[in-house]
Amino acid sequence: MTKNNLLMLKPKLKLIQGMQLTVKLSLGIGMVAMLMACSSSKTPNFYSLTPTLSPVVKSNKVRMIEVLPVGLADRLNRIPLVIQNPNGQSQVLHDDRWTSTMAAELRDGLSAGLQQQLGAVDRYNSGMTGGQAAYRIAADFSHFDFVERAPNQREVVVAAAWTIKFDDPNRPLSNPKNAQNIPPSYQLSCRYAFNQAVPKGQSLNDVVKTSRDSLAQVVQAVTQSVLHLESKAPLAIAGLSCN
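Presented here is an overview of the structure given in this document. (Residues numbered from 1 in each chain as written. Predicted model: local features only at pLDDT ≥ 70, side-chain atom pairs only at ≥ 80, totals over all residues. Heavy atoms only, no water.)

1. Structural notes on the overall build of the chain
To be explicit about the condition: Helical segments are the DSSP runs of H or I of at least four residues, strand segments are the runs of E of at least two, and each set is numbered from the N terminus. Relative accessibility thresholds used throughout: buried, under 20% of the residue-type maximum; exposed, over 50%; partly exposed, between the two (1.4 Å probe, protein chains only). Note on contacts: a residue pair qualifies if any of its non-hydrogen atoms lie within 4.5 Å across the two residues. Here, Shrake-Rupley sampling with a 1.4 Å probe gives the accessible areas, and only protein chains in the shown set may cover a residue.
Within the chain one finds four helices and ten strands. Ordered by position from the N terminus, the helices and strands of the chain form the series α-β-β-β-β-β-α-β-α-β-β-β-α-β. For the chain, with 243 residues in total, the buried portion stands at 34%. Here the contacts in the chain between residues at least 6 apart in sequence split such that 73% fall between residues at least 24 apart. Of the roughly 14900 Å² that the chain leaves accessible, carbon and sulfur atoms contribute 55%.

Pasting the structure below:
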């Protein structure tokens, strides 16, 4: 390569070196920006719906239950908390989340509460199979909404329906012709709806606590309906309807 050719290449080499430096600087600035964004992002808060309840049945008898996955509207079945206003607009709180989807929270909370109140074992979670009589519970929530009626007025709106079926593998398929005692009903359907006001603290913790208390009310209603199916115990909760 001649001296003249080298002299002609020098400006091109300087241009290439300048472009490489610009690319490196751009990548460096981009990496710094990404690291700053990651370090400044807010850590989400996580909440659970599972209530704590006292037993209502004092007995050494262990009931077997099977709480199936609950039905829930798609608009509610998400992990972030959602606050609705009276106009139907929803505010999704991405930094405040349930520990799982709302449907899973409701099923797990219902199961845990019934086990506490009835002294029961949920065979759905335990992996136990047939052979023992069990109360199979299928619940559907058409509402479990957090509604902001006004700037300082929030409430939890709940509407639930459930079916309890007593699954007894030893039950005869038909009654003997001369049977003296007719077996009790083996199935019960119930509905329950109510609104629960959030205390005037209006913090998100108050909303979560009220939601947990609302699920506890549903658990108590399901407990009463199980006992009603089992021994015709009276239904003493206002608004609870079963047939």
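2. Brief notes about the nonpolar core
Filter applied, for reference: Put simply, a nonpolar core is a bunch of buried Ala, Val, Leu, Ile, Met, Phe, Trp, Tyr and Cys residues held in one set by side-chain atoms that sit within 4.5 Å of each other.
By size, the foremost hydrophobic cluster in this structure holds 51 residues, and its most contacted members are Leu106, Leu114, Phe141, Phe144 and Trp162. Of all the elements, helix H4 (residues 204–231) adds the most residues to this core, at twelve residues.

3. Quick word on empty space enclosed by the protein
The condition that has to hold: With a 1 Å grid spanning the protein atoms alone, the term cavity applies to any set of points in which a 1.4 Å probe fits but cannot get out, the term pocket to an open set with protein on both sides within 12 Å along at least five of seven lines, and the term lining residue to any residue with an atom within 4 Å of a point. Grid points are joined across faces, edges and corners, and a volume is the space filled by probe spheres set on the points. Only Asp, Glu, Lys and Arg are considered charged in this grouping, and only Ala, Val, Leu, Ile, Met, Phe, Trp, Tyr, Cys and Pro are considered nonpolar; every other residue, Gly among them, is considered polar.
Under the counting rule described, the total for this entry stands at one cavity of 30 Å³ or more. Here the largest cavity defines a volume of roughly 60 Å³. Taken together, Leu76, Arg78, Pro80, Leu81, Val82, Trp98, Met102, Phe144, Asp145 and Phe146 make up the lining of the largest cavity. Looking at side-chain class alone, the lining of the largest cavity contains eight nonpolar, no polar and two charged residues.

4. Here's the deal with the packing of helix H2 (residues 102–118) against H4
Helix-helix packing is described using two parameters, namely the angle between the two axes and the distance between the axes. Inclusion rule: Axis lines are fitted through C-alpha atoms, for helices just across the contact stretch, and the angle between N-to-C directions can take any value from 0 to 180 degrees. Each angle receives one of four descriptions, namely roughly parallel if under 35 degrees, roughly antiparallel if over 145, roughly perpendicular if within 65 to 115, and oblique otherwise. Crossings are assigned a handedness: left-handed for a near helix turned anticlockwise from the far helix by less than a right angle, right-handed for a clockwise turn.
Orientation of H2 relative to H4, taken along the N-to-C sense of each, is 55°, at an axis distance of 9 Å. In terms of their interaxial angle, H2 and H4 are classed as oblique. Where H2 crosses over H4, the handedness of that crossing is right-handed. The segment H2 lies against H4, with Glu105, Leu106, Gly109, Leu110, Gly113, Leu114, Gln117 and Leu118 engaging Leu215, Val219, Gln220, Val222, Thr223, Val226 and Leu227. Residues belonging to the contact of H2 with H4 are distributed by class as follows: nine nonpolar, five polar and one charged.

5. Structural notes on the side chain of Glu155
To be explicit about the condition: Under the rule applied, a polar contact is a pair of N or O atoms within 3.5 Å (in protein, one hydrogen donor and one hydrogen acceptor; residues adjacent in sequence only if both atoms are side-chain atoms).
Along the chain, Glu155 falls in strand S8 (residues 153–167). A polar atom in the side chain of Glu155 sits 3.4 Å from the side chain of Asn195. Not counting chain neighbours up to four residues away, the residues in contact with Glu155 comprise Asp145, Phe146, Val147, Arg149, Asn195, Gln196, Ala197 and Val198.

6. A few points about the state of the cysteines
The bond known as a disulfide is covalent and runs between the sulfur atoms of two cysteines. Using the following cut-off: Disulfides are defined in this document as cysteine sulfur pairs within 2.5 Å.
According to the stated counting rule, one finds one disulfide in the structure shown. Between the sulfur atoms of Cys190 and its disulfide mate Cys242 the distance is 2.1 Å. On the sign convention where negative is left-handed, the bridge of Cys190 and Cys242, at about 110° about the S-S bond, is right-handed. In this pair, Cys190 sits in strand S9 (residues 187–197) while Cys242 sits in strand S10 (residues 241–242), placing the two residues 52 residues apart along the sequence. Of the two residues, Cys190 and Cys242, neither departs from the other in class, the shared state being buried.

7. Quick look at H2
Short version of the rule: Expected span of a helix, by definition, is 1.5 Å for each gap between consecutive residues, and there is one gap fewer than residues.
A rise of 1.5 Å per residue sets the reference length of H2, with its 17 residues, at 24 Å; its end C-alpha atoms lie 24 Å apart and thus fit the reference within 8%. Burial within H2 is extensive, with 13 of its 17 residues counted as buried. Following H2 by one or two positions, Gly119 has its phi on the positive side, about 60°.

8. Quick look at the packing of aromatic side chains
The condition that has to hold: Pairing of aromatic side chains requires ring centres within 6.5 Å, counting the rings of Phe and Tyr and the six-membered ring of Trp. Pairs whose planes differ by under 30 degrees are stacked, by over 60 edge-to-face, and all others tilted.
Taken as a whole and assessed by the stated rule, the structure comprises six aromatic pairs. A ring pair is formed by Tyr135 and Phe166, whose centres lie 4.8 Å apart and whose planes are at 45°; its orientation type is tilted. Remark: Phe166 occurs in strand S8 and Tyr135 occurs in strand S7 (residues 134–150); sequence separation between them is 31 residues. Geometrically, the ring pair formed by Phe141 and Phe144 is edge-to-face, given 6.0 Å between the ring centres and 75° between the ring planes. Since its relative accessible area comes to 1%, Phe141 is described here as buried. Take Phe144: its relative accessible area is 1%, and that puts it in the buried class. An aromatic cluster is present here, built from Trp98, Phe141, Phe144 and Phe146 joined pairwise through their rings.

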